[in-house]
Amino acid sequence: MKGSVVHTPASSSGGHTRHASTKATLAATLRPHWVYAMAVGSEIGWGAFILPYDWLRSSGIGGIICGFVIATLLVLVIGLNYGEAIRALPQTGGGILFAISAVNRTAGFVVGWALTLGYAGIVALNASAMTLIFRLVTPGLLTHIKLYSVAGWDVYLPEVAVAIAFIAVFAYLNIRGFSFSGRFQFICVVVLLVAVAVLCVSVGYSSRSLSGVHIALFPNDTSHFAAIFGIVAIAPWAYVGFDSLPQLAGEFDFSPRKARGLLVTGIVSASLVYVVMSLVSSLSMGNDLDRFASEAWPTGSAVSGLVGGFGLVLMVCAVTAGVVTGLNGFTASASRVLYTMGTISMISPRFAAVDAKYRTPKFAIFFVAAVCAISPWFGRAALTWVVDMTSVGIAVAYLSASFFRFRLSRGDELRGVSGVHASRGGEILGILGCAISIFFMLLLLVPGMPGALGVPSLIALGVWVCVGIAVHSAYHTKMAKIPDKDIFDQAS
């Protein structure tokens, strides 16, 4: 491939395949504030600005706040486990390597396959969210040349073109490397956080006229348990993004010991944004939620009605920043997962191709962009079926990292890990993390639970599992020939 270096397998004297050189070629340019921006920008997407109206109807502001407080505490446990895991194995594609180290290579493939789906699915969703922003802000601009309808969603050619264009732009940014995309991510996250802060102050000040209105904490037709845990159930989806840090750890230009602090601050920052935007929505709408039922963007309409055009501009800036940082961050994360899987022959070694100039996983980035470029043709409604079930895959990765932390803290000898990391407190956090991960999966998979997946999402999950089994069967023999020292060649 012109402009890239493809590292193909070379036989060693022992008949094994070595891929150690491929990982060393990635450029270690990620600075701490860029990593923080990668986490926060990935965690906060269009949902923080579009979904509060739905959350208020189903959970009320009391359920939202309680739900996010519980979710934050649960996810912080996972984040602490990730932080310690990164210290022990600061490598690209860490999520996969944690599973290989603590369990086996098949577990590593399961985690890699799950993360690929989770990250690529959210890239596609964010691309479609850009067209949704156009529908909300400039109605009719792109909704012409209708192609067809999928699951009740009309697909228009201009919207497809815009979504594909954004996917292509962020693929290009990622090929340029973190020295370019990292700065972009940080600037956008600053814009997002400033816009949210100004919105909070503006709406808080303007809502004094609603001081006599009593806002109900919980919906009358929903139990407090269902209201709260309906929010907790979306935690794997709402917070997905902080777990991108271990996938990028091989490109840190700082000590991996700082990862834990970056993870914690990223999770807390995202939680505050979700809660603040829900409060902004609640204060803007009062109790008369039905008044906004016919609005394309209820929160945007409510804020602009209370604060004026300035509020709507802030909302557009914030949601746009959230969407583009998601596109950027998840393109990076998905490509690093595929790159790592390629270096150890879980999938084709072509995914280990590294651009000669920018030292980025060029083929993996191209692949993510190409797959995601298919999604706009199916419409947003069908895409949500796929994205809904990606939370299961993210929960699987949480479980893997927590189990790694448990074994690490117990003092077990783990492949690729040097030194002693025994810690009674770490053992407890590892066990708690495993329990929380399983709890998240139960919320999604058990019928009748607040976050239970619908039939289309379960079918999509089944298809992805079947494809994964086929891929694993095709590459299992090649993967088994690679010695541990080549898999963990960057272990600290």
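Structure: above.
1. Focus: the side chain of Thr72
Here is step 1: Within the secondary structure, Thr72 is located in helix α4 (residues 52-88).
Here is step 2: At a separation of 2.6 Å, a polar atom in the side chain of Thr72 contacts the main-chain carbonyl oxygen of Phe68.
Here is step 3: Among the polar contacts listed, one links the side chain of Thr72 to the side chain of Tyr239, at a separation of 2.8 Å.
Here is step 4: In this view, Thr72 contacts Tyr239, Ile267 and Ser271; residues no more than four positions away in its chain are not counted.

2. Re the packing of helix α16 (residues 379-409) against helix α17 (residues 424-445)
Here is step 1: Here α16 crosses α17 at 165°, and the two axes come no closer than 7 Å. One way to sum up the angle between α16 and α17 is to call them roughly antiparallel. Pair α16 / α17 crosses with left-handed handedness.
Here is step 2: Among the residues forming the contact of α16 with α17, the class breakdown is 15 nonpolar, seven polar and two charged.

3. Considering helix α14 (residues 309-343)
Here is step 1: With 35 residues, α14 extends 51 Å from end C-alpha to end C-alpha; this agrees with the ideal 51 Å at 1.5 Å per step.
Here is step 2: With 28 of its 35 residues buried, α14 lies for the most part within the structure.

4. Focus: the packing of aromatic side chains
Here is step 1: Enumeration according to the criterion identifies 22 aromatic pairs in this entry.
Here is step 2: Measuring from ring centre to ring centre gives 4.4 Å for Trp113 and Trp464, while their planes differ by 15°; the resulting arrangement is stacked. With Trp113 in helix α6 (residues 105-137) and Trp464 in helix α18 (residues 455-480), this residue pair connects regions lying 351 residues apart in the sequence.
Here is step 3: Judged by its relative accessible area of 14%, Trp113 falls in the buried class.
Here is step 4: Each residue in the set Tyr82, Phe98, Phe225, Phe229, Phe242, Tyr398, Phe404, Phe439 and Phe440 is aromatic and connected to the rest through ring pairs, giving one cluster.
Here is step 5: Residue placement shows Arg176 over the ring face of Phe180; its charged tip is 4.5 Å from the ring centre.
Here is step 6: Of note, Arg380 hangs over the ring of Trp46, and the distance from its end group to the ring centre comes to 4.4 Å.

Conventions adopted
Residues numbered from 1 in each chain as written. Predicted model: local features only at pLDDT ≥ 70, side-chain atom pairs only at ≥ 80, totals over all residues. Heavy atoms only, no water. Helix = DSSP H or I, 4+ residues; strand = E, 2+ residues; numbered from the N terminus. Polar contact = N/O pair within 3.5 Å; in protein donor to acceptor, adjacent residues only side chain to side chain. Contact = heavy atoms within 4.5 Å. Axes fitted to C-alpha atoms, helices over the stretch in contact; angles between N-to-C directions. Parallel < 35°, antiparallel > 145°, perpendicular 65-115°, else oblique. Left-handed = near helix turned anticlockwise from the far one by under 90°. Nonpolar A, V, L, I, M, F, W, Y, C, P; charged D, E, K, R; others polar. Expected span 1.5 Å × (residues − 1). Buried < 20%, exposed > 50% of the residue type's maximum accessible area, 1.4 Å probe, protein only. Phe/Tyr/Trp six-rings, centres within 6.5 Å; stacked < 30°, edge-to-face > 60°. Lys NZ or Arg CZ within 6 Å of the ring centre and 35° of its normal.

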